[in-house]
Amino acid sequence: MSTSIDDLLGSAEEEPAQERAARGGRVGGALKTLAIAGALTAVVVAGLRAVGLQLSLWVVVAGVLALLAVRRVTAALAPPPPPRSGARIPAGEEDGHYHWAARDALRAAINGWERPLDWSSGNPQRFTERILPRLGELADERLRQRHGVTRESDPARARALLGDRLSTFLDTPPRRTPSPRDLAAIVAELEKI
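Residues numbered from 1 in each chain as written. Predicted model: local features only at pLDDT ≥ 70, side-chain atom pairs only at ≥ 80, totals over all residues. Heavy atoms only, no water.

Chemist: Explanation requested: the pattern of salt bridges in the structure shown.
Modeler: Side chains that differ in sign of charge can pair as their charged atoms come close. The final tally for this structure, using the stated rule, is seven salt bridges. Two residues, Asp171 and Arg151, come together in a salt bridge whose shortest N-O distance is 3.4 Å. You can see Asp171 sitting in helix H8 (residues 164-171) and its partner Arg151 sitting in the loop between helix H6 (124-147) and helix H7 (155-162), a full 20 residues away along the chain. When its relative accessible area of 23% is taken as the criterion, Arg151 is described as partly exposed. The residue Asp164 makes a salt bridge to Arg159 at a minimum N-O spacing of 3.8 Å. Accessibility expressed as a relative area gives 34% for Arg159, which makes it partly exposed. Each of Asp140, Arg151, Arg159, Asp164 and Asp171 takes part in a single network of salt bridges with overlapping partners. (Salt bridge = Lys/Arg side-chain N within 4 Å of Asp/Glu carboxyl O. Helix = DSSP H or I, 4+ residues; strand = E, 2+ residues; numbered from the N terminus. Buried < 20%, exposed > 50% of the residue type's maximum accessible area, 1.4 Å probe, protein only.)

Spelled out as structure tokens, the structure:
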């Protein structure tokens with residue numbers, strides 16, 4: 001199964017409220033408003049008659065429709081809801097420092113690499129099972145995006161583009177877990193693709 005970097009870091013956006021409202025259509029919205037107005041009118045007329053008051057039916061209908069119109073206008077003009085708790089609130093310009101407590105895609109991506117790297121340090125088998133396939137997927141994705149090939153589709157061209165050192169590293173499991181310096185060199189070579 002192949003997953004692109006965009007799939008990993010992307011997120012589905014919510015449908016805007018205007019599109020949701022347009023989907024129901026004007027006729028559906030008008031019928032819903034009329035049904036609510038009718039129900040409220042019946043309740044108001046029954047309540048007024050229960051206390052011994054009588055008002056013209058048209059006055060009650062006009063009053064209910066006016067209240068529904070005011071409700072719709074105030075809902076449209078209301079400020080957006082406050083952000084979820086724990087979400088980062090932008091306050092003008094950025095101060096230039098990374099906010100480690102904030103939950104964002106960068107932190108999630110870092111954790112996605114940091115934990116497995118830490119877990120596999122000193123254990124070549126874990127490194128081969130967890131980290132090497134991820135590095136291979138990154139290499140394939142870079143090759144696909146930049147050159148239109150993958151290691152599987154055109155091995156000779158992919159090997160030429162990757163270089164002997166990177167290609168050998170990705171194709172053969174290491175006997176020992178690479179040091180941070182070695183991994184930094186591998187990542188630098190991946191970025192050059």
